[in-house]
Amino acid sequence: MADVLTVDHLQKKFGKFQALKDITFSIHPGEVFGFIGPNGAGKSTTIRTLLGILRPTAGRATIFGQDAWADAVSIHKRIAYVPGDVNLWPNLSGGEVIDFLLRLNGQWHTARTDELIKDFDLDVSKKARTYSKGNRQKVALVAAFSSQADLYIFDEPTSGLDPLMEEVFQREVLALKQTGKSVLLSSHILSEVERMCDRIAIIRQGEIIEVGSLAEMRQLSRSTVHVTTQQPLTGLKALPAVHQFKAKTPTQAVFSVDAEAIGQTITTLSRLGITQLTTTPPTLEDLFLRYYNQEGGKDEQ
Ligand SMILES: Nc1ncnc2c1ncn2[C@@H]1O[C@H](COP(=O)(O)OP(=O)(O)O)[C@@H](O)[C@H]1O
Ligand SMILES: [Mg+2]
């Protein structure tokens, strides 16, 4: 099946400032795709360009095979979007805003909408002007999750939500996935992305620096090894695949090892008589920090 969304060497300048330098990725049907990077990296700018709110300076994006800029109107009928900064109409109640957002997208208030209002614990009788950031996000989330769409785009949707509500959000995203919908989720909460996303793009200063599944990214990275042996761990530090070697005692150490050399390293260790061994694959946070730390030059040994 064709990709739901493709972004091809997208660039965006604001005056002289190049907010997007080179953004390329695609989303497969039925996939939850994570878009991660710190504040200012270009996540929202990418999403606004995808939605046809901003016109790209160079490059191209397509959604459902149509051009994101030229065909925005027809694309939007099949998209549900929750912006990072949810602005509501201050004098409408939360419930009125939800119904209004739904109608703007050609949708209706259904039993599902009521269910979502309950699950997100939202008081819809209050005026939108009295809402906190989290409540404004809930309004947009309720409208999005009760919409029938093929692609759901969430721009840092949980930044104002408490952990309980974040769980509701995650449950709803997984429910969408189960019905074959595609999701683009921008986030800087790595645990959220780690738990939910099939594939991930990491963005740094307007450039995609890595795209793939967490497993693929792990294959490019290093695991942490804690080991205790009977004989001294001499010579280990000198192995090319071993990094950040720290000996606690002559027979006890912690170090990181390149993913492709784990087997070989364990063979070496077993000759020294292993009494204890744990290997921990990198978390998304480890990977993320590693990519970000590479900026100034070679990474540490
Ligand atoms: N309308 C705009 N005019 C000028 N600069 C902008 C505009 N929108 C975003 N930027 C700049 O582009 C960069 C990327 O911003 P943004 O896409 O909002 O990042 P993120 O969503 O990853 O936090 C930032 O440096 C931001 O200040
Ligand atoms: Mg943003």
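Residues numbered from 1 in each chain as written. Chains lettered and ligands numbered in written order. Predicted model: local features only at pLDDT ≥ 70, side-chain atom pairs only at ≥ 80, totals over all residues. Heavy atoms only, no water.

Trainee: I'd love a proper account of the layout of surface pockets, names of residues and values included.
Mentor: By volume, the largest pocket amounts to about 430 Å³. Secondary structure elements with two or more residues in the lining of the largest pocket: strand E6 (79–82), helix H3 (94–104) and helix H5 (133–145). Grouping the constituent residues of the lining of the largest pocket by class yields 14 nonpolar, 4 polar and no charged. (1 Å grid on protein atoms, 1.4 Å probe; cavity = no way out; pocket = protein on both sides within 12 Å on 5 of 7 lines; lining within 4 Å. Points joined across faces, edges and corners; volume = space filled by probe spheres on them. Helix = DSSP H or I, 4+ residues; strand = E, 2+ residues; numbered from the N terminus. Nonpolar A, V, L, I, M, F, W, Y, C, P; charged D, E, K, R; others polar.)

Trainee: How would you summarise H3 if you had to cite specific residues and measurements?
Mentor: Here H3 has its buried residues at Gly-94, Gly-95, Val-97, Ile-98 and Leu-102. The buried residues of H3 occupy an angular sector of 160° when the element is viewed end-on, so they sit on one face. Among the exposed residues of H3, those pointing more than 90 degrees away from its buried face are Arg-103 and Leu-104. In this structure, the buried residues of H3 make contact with helix H4 (111–119) and H5. Backbone geometry just downstream of H3 places Gly-106 in the positive-phi region, at approximately 70°. (Buried < 20%, exposed > 50% of the residue type's maximum accessible area, 1.4 Å probe, protein only. Arc of directions from axis to C-beta. Contact = heavy atoms within 4.5 Å.)

Trainee: A description of unusual backbone geometry should follow, citing residues and the corresponding values.
Mentor: You will see that Asp-121, though not glycine, has its phi angle at about 55°, which is positive. On the secondary structure map, Asp-121 appears in the loop between H4 and H5. Of note, Glu-156 is a non-glycine position whose phi angle comes to about 45°, a positive value. Counting through the fold element by element, Glu-156 comes out in the loop between strand E7 (151–155) and helix H6 (163–178).

Trainee: Lay out the packing of H4 against H6 in plain terms, naming residues and giving numbers.
Mentor: Helix packing for two helices is described by the angle between their axes and how far apart those axes are. H6 packs onto H4 with a crossing angle of 150° between their chain directions and a minimal axis gap of 10 Å. Each of Arg-112, Leu-116 and Asp-119 in H4 lies in contact with H6, whose residues at this interface are Met-165, Val-168, Arg-171 and Glu-172. Here the contact of H4 with H6 is built from residues that sort into 3 nonpolar, no polar and 4 charged. (Axes fitted to C-alpha atoms, helices over the stretch in contact; angles between N-to-C directions.)

Trainee: Quick rundown of the nonpolar core? Include the residues and the values.
Mentor: Formed by 45 residues in total, the largest nonpolar core has its most connected members in Phe-120, Phe-145, Phe-154, Phe-169 and Ile-200. The element best represented in this core is H5, accounting for 6 residues. Contact partners of Phe-169, with chain neighbours within four places excluded, come to Phe-120, Leu-141, Phe-145, Phe-154, Pro-157, Thr-158, Leu-185, Glu-192 and Met-196. If you look at the next biggest cluster of nonpolar residues, it comprises 26 residues, including Leu-5, Phe-25, Ile-79 and Ile-153. (Core = buried A, V, L, I, M, F, W, Y, C linked by side-chain atoms within 4.5 Å.)

Trainee: Please give an account of the pairing of strand E3 (residues 32–36) that cites residues and values.
Mentor: Across the 5 residues of E3, 5 count as buried, placing the element largely inside the fold. Side chains of E3 alternate between two faces, with Val-32, Gly-34 and Ile-36 and Phe-33 and Phe-35 buried alike. As paired elements, E3 and strand E8 (residues 182–187) share 5 bridges and run parallel to each other. Bridge pairing in E8 places Gly-34 opposite Leu-185. (Pairing = 2+ DSSP bridges.)

Trainee: I'd like a description of the UniProt feature "domain: ABC transporter" (unreviewed entry) in the chain, backed by residues and values.
Mentor: Here the UniProt feature "domain: ABC transporter" (unreviewed entry) sits at residues 5–230. Strand forms 31% of residues 5–230 and helix 33%; the C-alpha atoms that close the span are 55 Å apart. (UniProt positions renumbered as here; feature names shortened; annotations may be inferred.)

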